[in-house]
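Coordinate analysis (summary)
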Amino acid sequence: MTFNWFKFASPASFYPLAGRLIRSFWILTGVLLVIGLYWGFFQTADQLGGSNPQKEYYRIIFIHVPAAWMSMWLYIVLVFWAAIGLVFNTRLSFMMANAVAPTGAVFTFLALWTGAFWGRPSWGTYWDWDPRLTSELVLFFMYIGYIALHSAIDDTRRADRASALLAIVGLVMVPVIYWSINCPDPTQCAALHQRSGLGKIDTNILFSMLTMTLAFWMYSFATSLMRLRSIILTREAEASWVQELVSQEHPQ
């Protein structure tokens, strides 16, 4: 017996599947958030040691770091679906990219916002125009630019293609952010932001951080699928299956 995955490339087939998955993703989001936040606040040290000692305010990393990871990962996902749409001319792929963008923008803003609050007690300033912070801000503008360009073009097919091309061009920001944080030669790219790395992190801190990352991941699935279902209904409004669905949910 073979399973035909390609049938879910049709909006009509994927719509009910997305509806069944959303509830599970919301439940996983809630469970993982509770575990991650509990572990981060009650199972970790009151002070972060090392070369840059920090007090209780270091706990913002349990939001900041997963949000920053998700901001880059979701942009890669957005570009992936946009590229699939361009190559194979699949409507659902463009819809997926369009559904992911707002969630990615939210996580990028959250990373910038929490980073500013973390930076004030750590560095003495909310913001500094170094490559590591600026590149994340540019990524936020890429998300906003994608959303704005898509909304500005009335023809949906043209909007899909134009915004997809913009997203692909902006993909260069992801490796720029990564290498600005993990500069091969720190003496050549000195900045306020610390280098990233999981090798020297306390086990409890790492567990909380990864749990929060999974929670944000599940949240991304839930919100993107909810948005995708709305996009499908809007774009397929004239399709017979949508009209039948509406008549079933709102009988005369």
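What you see is a predicted model, and the numbers here were worked out from it, not measured in a lab. Throughout this description, residue numbers start from 1 for each chain and increase along the sequence as written. Side-chain atom pairs in this predicted model are given and counted only at pLDDT of 80 or more, local residue features only at pLDDT of at least 70, and totals for whole chains, interfaces and linings cover all residues. Side-chain descriptors were evaluated using all non-hydrogen atoms of the structure, hydrogens and water having been removed beforehand.

Helix and strand assignments come from DSSP, with helices taken as H or I runs of at least 4 residues and strands as E runs of at least 2, each series counted from the N terminus. When helices and strands are tallied, the protein chain shows eight helices and zero strands. The N-to-C order of helical and strand elements in the protein chain reads α-α-α-α-α-α-α-α. Each residue gets one of three labels from its accessible area relative to the maximum for its type: buried under 20%, exposed over 50%, partly exposed in between, using a 1.4 Å probe on protein chains only. By the burial criterion, 42% of the 252 residues in the protein chain qualify as buried. Put simply, 75% of the contacts in the protein chain that link residues at least 6 apart link residues at least 24 apart. By definition in these notes, contact holds between two residues if any of their heavy atoms fall within 4.5 Å.

In this section: the environment of V34. Topologically, V34 is positioned in helix α1 (residues 11–42). Distance in space between the C-alpha atoms of V34 and A215 is 9.1 Å, their sequence separation being 181 residues.

Another point: a nonpolar patch on the surface. Patch building starts from residues that exceed 30% relative accessible area and form no salt bridge, then joins like charges within 9 Å and nonpolar side chains (Val, Leu, Ile, Met, Phe, Trp, Tyr) within 5 Å. Accessible surface area values rest on a Shrake-Rupley calculation with a 1.4 Å probe, where residue burial reflects the displayed protein chains alone. Every case where a carboxyl oxygen of Asp or Glu lies within 4 Å of a side-chain nitrogen of Lys or Arg is listed as a salt bridge. Side chains of W73, I76, L171, L214, W217 and F221 sit close together on the surface and give an oily, nonpolar patch of about 490 Å² of accessible area. Of the residues forming the nonpolar patch, the biggest block, three residues, is contributed by helix α7 (residues 203–235). By secondary structure assignment, the location of F221 is in helix α7. With a relative accessible area of 34%, F221 lands in the partly exposed category.

UniProt positions are given in the numbering used here, feature names are shortened, and annotations may be inferred rather than shown by experiment. Using the residue numbers shown here, the UniProt feature "transmembrane region" (unreviewed entry) corresponds to residues 21–41, 61–88, 95–113, 133–152, 164–181 and 201–222. Here residues 61–88 runs as 100% helix and 0% strand, with 40 Å between its end C-alpha atoms.

Moving on, we get to helix α3 (residues 91–123). The α-helix winds at 3.6 residues per turn, so residues separated by three or four positions along the chain end up facing the same way. Between the first and last C-alpha of α3 there are 47 Å, a value that for 33 residues agrees with the 48 Å anticipated at 1.5 Å per step. Along its length, α3 shows its largest kink, about 25°, at A101, and proline P102 lies within four residues downstream of that point. The positive-phi residue at the C-terminal boundary of α3 is G124, with phi of around 85°. Expected helix span is taken as 1.5 Å per residue step, with the number of steps being one fewer than the number of residues. Throughout, the bend at a residue refers to the angle made by two axes, fitted to the seven residues ending there and to the seven starting there.

With that out of the way, let us pick up the environment of I61. Looking at the element boundaries, I61 is found in helix α2 (residues 61–88). The class of I61 is buried, set by a relative accessible area of 6%. The spatial distance from the C-alpha of I61 to the C-alpha of A111 is 9.6 Å, given a sequence separation of 50 residues. Filtering out sequence-adjacent residues up to four positions away, I61 remains in contact with P66, W118, I205 and M209.

Among the buried residues, those of types Ala, Val, Leu, Ile, Met, Phe, Trp, Tyr and Cys that are joined through side-chain atoms within 4.5 Å form a nonpolar core. Core analysis: the biggest nonpolar cluster contains 38 residues, and I61, Y75, L78, L139 and Y143 have the highest contact counts within it. Secondary structure elements with two or more residues in this core: α2, α3, α4 (131–152), α5 (156–170), α6 (173–181) and α7. The element that contributes the greatest number of residues to this core is α2, accounting for 13 residues. Listed in part, the 19 residues of the second largest apolar core include Y15, I22, A222 and L225.

Before going further, it helps to examine the packing of aromatic side chains. Two rings from Phe, Tyr or Trp (for Trp, the six-membered ring) form a pair when their centres sit within 6.5 Å of each other. Planes less than 30 degrees apart are called stacked, planes more than 60 degrees apart edge-to-face, and all others tilted. Under the defined criterion, the tally for this structure stands at 16 aromatic pairs. Note on F109 and F140: the rings are 6.1 Å apart at their centroids and 45° apart in plane angle, and the pair reads as tilted. Taken together, the positions of F109 in helix α3 and F140 in helix α4 put the pair 31 residues apart, joining distant regions of the chain. Ring-pair connections join several aromatic residues into one group, and the members of that group are F25, W73, W217 and F221. The criterion is that NZ of a Lys, or CZ of an Arg, lies within 6 Å of the ring centre and within 35 degrees of the ring normal, and then a charge sits over that ring. One residue, R120, lies across the ring of Y126, its end atom 5.7 Å from the ring centre. Just above the ring of Y15 sits the side chain of R229; from NZ or CZ to the centre is 4.0 Å.

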